[in-house]
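So you can see what is in the structure, the chains are spelled out below.
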Amino acid sequence: MSEYDVAVSFDEEQRAAVDQVVEAFEQRGLTVLHGPEQTHEWWSHKEGGELPDARVRFFVPFVSAVDDFTTDVLRAVKAGDEHVLPVLLGDVAVPPDLLHPHVAYVRGAAHRPDQLTEALVARIEAAEAHGGQRASVAEVVTRAKGIAPVQEAEPAVPATFSRYTEQDATLRYLGEQFAAALPGLARRGFVGTAHVDGARIAVRVERAGDTVYALDIQRGGIGGDETVNFVLGRHDGNGALTNGWARPVYDTGAGAAVLEVHDFSVLGGGASRAYRREELFDALWQRIDAVLASTVG
């Protein structure tokens, strides 16, 4: 099996520039596995026994654009393959997810092959000093082409997420918002009040002493004790009443807690959907506004 310091791969458009660099390598005394046909496309389509029977210190792809093959070799570096040494040409933009944070990539310019040569010689000397061995170029390239992209883990619900904590926060938020907003109804000839305690918010709107809108927002209910239950109208508090309910859930896509609202009539009826706390208050207030507008009419 033949032995070389480096084997090179290049894009067809970089052929002339890479030939100059290879000449500079050889003048410096490096042994180079390089053929006019050995482009990125050539290396990417050869398998097993079709690849050169040679051992190299580094497989050096000249990266002037990020394509399927150069993505493979960059991914191999990030996976820890010490025998792959990409040379980044010009101002090629490499996606951050393909760059290893602890590898100083060689960046070359076609018109300065001497500097690129010295950088490569320094890498070879460092590898030798640390006892690095040559490897089969066929195995290095085959391994690089076989590395699968790292799959991002499916977003998970944080261990610290609590439905009951979100239930408390929802009741507290809705109570504060109603307490702040209801007095403003006086400008329209209504009296709005909110009685708030730890387990219930009683929203009442009156006109000339008559209750024209009543909504109780309660801790727990028909959906479970972790839910927020909505009951319209005046009632004695007994029985399993509901005009809709909201269950706190964690939206892994958004990375935040939301309320899964099942609306029977509290918002006018409709399909279930997720709301942030702010959105839920806005929807409730818009519903109250619509009811009061019809009352005045």
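Residues numbered from 1 in each chain as written. Predicted model: local features only at pLDDT ≥ 70, side-chain atom pairs only at ≥ 80, totals over all residues. Heavy atoms only, no water.

Draft legend 1. Quick look at the pairing of strand β3 (residues 54-63). With nine of 10 residues buried, β3 lies mostly within the body of the structure. Relative to strand β6 (residues 135-136), β3 runs antiparallel, the two sharing two bridges. Bridge pairing in β6 places valine 56 opposite alanine 135. Direction of pairing for β3 relative to strand β4 (residues 87-89): parallel, over a ladder of two bridges. (Buried < 20%, exposed > 50% of the residue type's maximum accessible area, 1.4 Å probe, protein only. Helix = DSSP H or I, 4+ residues; strand = E, 2+ residues; numbered from the N terminus. Pairing = 2+ DSSP bridges.)

Draft legend 2. Up close: the packing of helix α3 (residues 68-78) against helix α5 (residues 137-146). Following both chains from N to C, one finds α3 and α5 inclined at 100°, their axes separated by 8 Å at the closest point. Classified by the interaxial angle, the pair formed by α3 and α5 is roughly perpendicular. Where α3 approaches α5, its residues Phe69, Asp72 and Ala76 are matched on the opposing element by Val141, Ala144 and Lys145. The residue inventory of the contact of α3 with α5, partitioned by class, reads four nonpolar, no polar and two charged. (Axes fitted to C-alpha atoms, helices over the stretch in contact; angles between N-to-C directions. Parallel < 35°, antiparallel > 145°, perpendicular 65-115°, else oblique. Contact = heavy atoms within 4.5 Å. Nonpolar A, V, L, I, M, F, W, Y, C, P; charged D, E, K, R; others polar.)

Draft legend 3. Examining the environment of glutamate 278 more closely. Inspection of the secondary structure assignment puts glutamate 278 in helix α7 (residues 277-296). By relative accessible area, glutamate 278 is classed as partly exposed at 36%. In this structure, the C-alpha to C-alpha distance between glutamate 278 and leucine 89, residues 189 residues apart in sequence, is 51 Å.

Draft legend 4. Local environment of the pattern of salt bridges. What the rule picks out here adds up to 19 salt bridges. Across the pair arginine 219 and aspartate 168 runs a salt bridge whose closest N-O atoms are separated by 2.5 Å. One end of the pair, arginine 219, is in strand β9 (residues 210-219); the other, aspartate 168, is in helix α6 (residues 163-181), with 51 residues separating them in the sequence. For arginine 219, a relative accessible area of 35% puts it in the partly exposed group. Residue classification places aspartate 168 among the partly exposed positions, given a relative accessible area of 33%. Here arginine 276 makes a salt bridge to glutamate 278, at a shortest N to O gap of 3.4 Å. A single salt-bridge network, built from bridges that share partners, covers Glu3, Asp5, Arg55 and Arg134. (Salt bridge = Lys/Arg side-chain N within 4 Å of Asp/Glu carboxyl O.)

Draft legend 5. Main features of the pairing of strand β12 (residues 256-263). Relative to β12, strand β11 (residues 244-251) is paired through eight bridges, and the arrangement is antiparallel. Residue pairing across strands places tyrosine 250 opposite alanine 257, the latter belonging to β12. What sits between the antiparallel neighbours β11 and β12 is a turn of four residues, in which glycine 255 has the positive phi angle 70°. Pairing between β12 and strand β13 (residues 273-275): three bridges, direction antiparallel. Bridge pairing in β13 places valine 261 opposite arginine 273.

Draft legend 6. Structural context of the packing of aromatic side chains. Tallying each qualifying case throughout the model produces seven aromatic pairs. Their ring planes at 70° and their centres at 5.0 Å tell us that phenylalanine 178 and phenylalanine 281 sit as a pair that is edge-to-face. Residue phenylalanine 178 is found in helix α6, and its partner phenylalanine 281 is found in helix α7; the two are separated by 103 residues along the sequence. The same class applies to phenylalanine 178 as to phenylalanine 281, namely buried. Chaining the aromatic ring pairs together yields one cluster made of Trp42, Trp43, Phe59 and Phe69. The residue whose ring lies beneath arginine 207 is phenylalanine 190, and the NZ or CZ to ring-centre distance is 5.0 Å. Over the ring of tyrosine 275 we find arginine 273; its NZ or CZ atom is 3.8 Å from the centre of that ring. (Phe/Tyr/Trp six-rings, centres within 6.5 Å; stacked < 30°, edge-to-face > 60°. Lys NZ or Arg CZ within 6 Å of the ring centre and 35° of its normal.)

Draft legend 7. Representation of the side chain of threonine 71 in the model. Among the secondary structure elements, threonine 71 is positioned in helix α3. Beyond its immediate stretch of four places on either side in the chain, threonine 71 contacts Val66 and Leu98.

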